[in-house]
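Descriptive analysis of the structure
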Amino acid sequence: MRQTIWVIGGDERSHWAARALVSARFSVFTHDVPQEPTTPLPEDIPIAVLPFPSLQGESIRGHDPLAISELLRCLSRGSSVFGGLFGQMKGAFSDRGAAVYDLYGTEPLTTENACLTAEGALELAMERSPLSLHGARCLVIGYGRIGKCLARKLSALSSDVTVAARKESDLALAEAMGFQTDRTGIYLHGLSAYDFIFNTVPAQVLTDIHLRQIPPDTLLMDLASRPGGFSPLRCQELALNFCIAPGLPGRCCPKSAGIAYARSIISILDQEGAV
């Protein structure tokens, strides 16, 4: 049996991460994890696995949020804390002597989550639009990890895909992959001809002027983290068909997302000989 791990808080992803850690022969205890027993926290936690992302205000994200101060009391020199988007709390964990692993933006987890996000976007698009993706005219704004995965999956469904980006290197790569291209924020081809518009950029890329060009039956989907790519309030005022869809891996494929998270944690523990 490997070391003891405490999985704390989260959504269904945490449940599947805990199951994956058990399968990898760790001794796993859970606290405020869906479908798992809640065990009171011990005085000393050797390895804490928090949700991904981890925090909500001054608490750990979950159904019955645990105050961060409660977790800090259980950490000491030799403890390890895994999670995502710790922000300023990373320093508080370190001050307790814990080794801190913020996996947000790390590989291969980031690319795996991008693929899961793209798959979730397809599922949501088919639910929210009366149109088939086959032959649909689709605009993907942004050509980062999510944009690349999404454009490829749309193309595999025989969608007519245009990629909007700012970097010349991204535009060149998109063209090399066989996609039509446009300029983010400029949209030389206009926005009125698309059946689906997917934004992956966490910055305003669709202004009021742009939103006015979008037909009311076009599905506009925001996959980006805050602040997102457009104003939901303005979309509502214009009676557009839109949806805000962050965190799709946890909503659409929590088992795959939880297993991917657990694999990343196990890989780090193996590399550092902490098992």
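Check the entry above for the structure.
Just so it is clear, the structure is predicted and the values come from calculations on it, not from any experiment.

The rules we used
- Residues numbered from 1 in each chain as written.
- Predicted model: local features only at pLDDT ≥ 70, side-chain atom pairs only at ≥ 80, totals over all residues.
- Heavy atoms only, no water.
- Helix = DSSP H or I, 4+ residues; strand = E, 2+ residues; numbered from the N terminus.
- Expected span 1.5 Å × (residues − 1).
- Buried < 20%, exposed > 50% of the residue type's maximum accessible area, 1.4 Å probe, protein only.
- Contact = heavy atoms within 4.5 Å.
- Pairing = 2+ DSSP bridges.
- Right-handed = clockwise from strand over helix to strand, strands pointing away.
- Disulfide = S-S within 2.5 Å.
- Salt bridge = Lys/Arg side-chain N within 4 Å of Asp/Glu carboxyl O.
- Axes fitted to C-alpha atoms, helices over the stretch in contact; angles between N-to-C directions.
- Phe/Tyr/Trp six-rings, centres within 6.5 Å; stacked < 30°, edge-to-face > 60°.

1. What about helix H4 (residues 109-128)?
Given a rise of 1.5 Å per residue, 20 residues ought to cover 28 Å, and the 28 Å separating the end C-alpha atoms of H4 matches this to within 8%. Regarding H4, the residues found buried are Leu109, Thr110, Asn113, Ala114, Leu116, Thr117, Ala118, Gly120, Ala121, Leu122, Leu124 and Ala125. Taken together, the buried residues of H4 touch helix H5 (145-156), strand S12 (196-199), strand S13 (219-222), strand S14 (241-244), helix H9 (248-252) and helix H10 (254-271).

2. Topic: the pairing of strand S10 (residues 160-165)
The element S10 is extensively covered by neighbouring structure, given that five of its six residues are classed as buried. Where strand S9 (residues 137-141) and S10 come together, five bridges link them in parallel fashion. Opposite isoleucine 141, over in S10, you have alanine 164 as the bridge partner. Once you follow S9 into H5 and on to S10, the crossover reads as right-handed. Sheet topology note: the S10/strand S11 (residues 180-183) ladder contains four bridges and is parallel. The partner of alanine 164 across the bridge, within S11, is aspartate 182. Crossover S10 to S11 through helix H6 (residues 168-176) is right-handed.

3. Let's talk about the state of the cysteines
Taken as a whole and judged by the stated rule, the model has zero disulfides. The structure places no disulfide on cysteine 243, whose sulfur is separated from the nearest cysteine sulfur, that of cysteine 235, by 10 Å.

4. Overview of the pattern of salt bridges
Pairing between side chains of opposite charge can happen when their charged atoms approach one another. Tallied over the entire structure, the rule returns 11 salt bridges. Notably, a salt bridge pairs arginine 263 with glutamate 112, separated by 3.0 Å at the nearest N-O pair. On the criterion of sequence distance, the pair formed by arginine 263 in helix H10 and glutamate 112 in helix H4 is long-range, its members being 151 residues apart. Between aspartate 208 and arginine 234 there is a salt bridge, with the nearest N and O atoms lying 2.3 Å from each other.

5. What about the sheet that holds strand S7 (residues 80-83)?
Spatial ordering of the open sheet is given by S2-S1-S3-S7-S8, a layout of five strands whose pairing is parallel. The outermost strands of the open sheet, each flanked by one partner alone, are strand S2 (27-31) and strand S8 (99-102). Each adjacent strand pair in this sheet contributes to an overall mean axis angle of 20°, direction not counted. In this sheet, S7 lies alongside strand S3 (residues 47-49) in parallel orientation, the contact comprising three bridges. Bridging from a neighbouring strand, isoleucine 47 pairs with serine 80 of S7. H10 rests against strand S1 (4-8), S3, S7 and S8 of the sheet, and its axis sits at about 150° to S7.

6. Description of the packing of aromatic side chains
The tally for this structure, following the rule as stated, stands at six aromatic pairs. Centroid distance phenylalanine 82 to tyrosine 101: 4.6 Å. Interplanar angle 10°. Geometry classified as stacked. With a gap of 19 residues between them, phenylalanine 82 in strand S7 and tyrosine 101 in strand S8 connect regions that are remote in the sequence. When its relative accessible area of 0% is taken as the criterion, phenylalanine 82 is described as buried. Residue tyrosine 101 is classed as buried on the basis of its relative accessible area, which comes to 16%. By the ring-pair criterion, three or more aromatic residues cluster together here, those being Phe52, Tyr104 and Tyr261.

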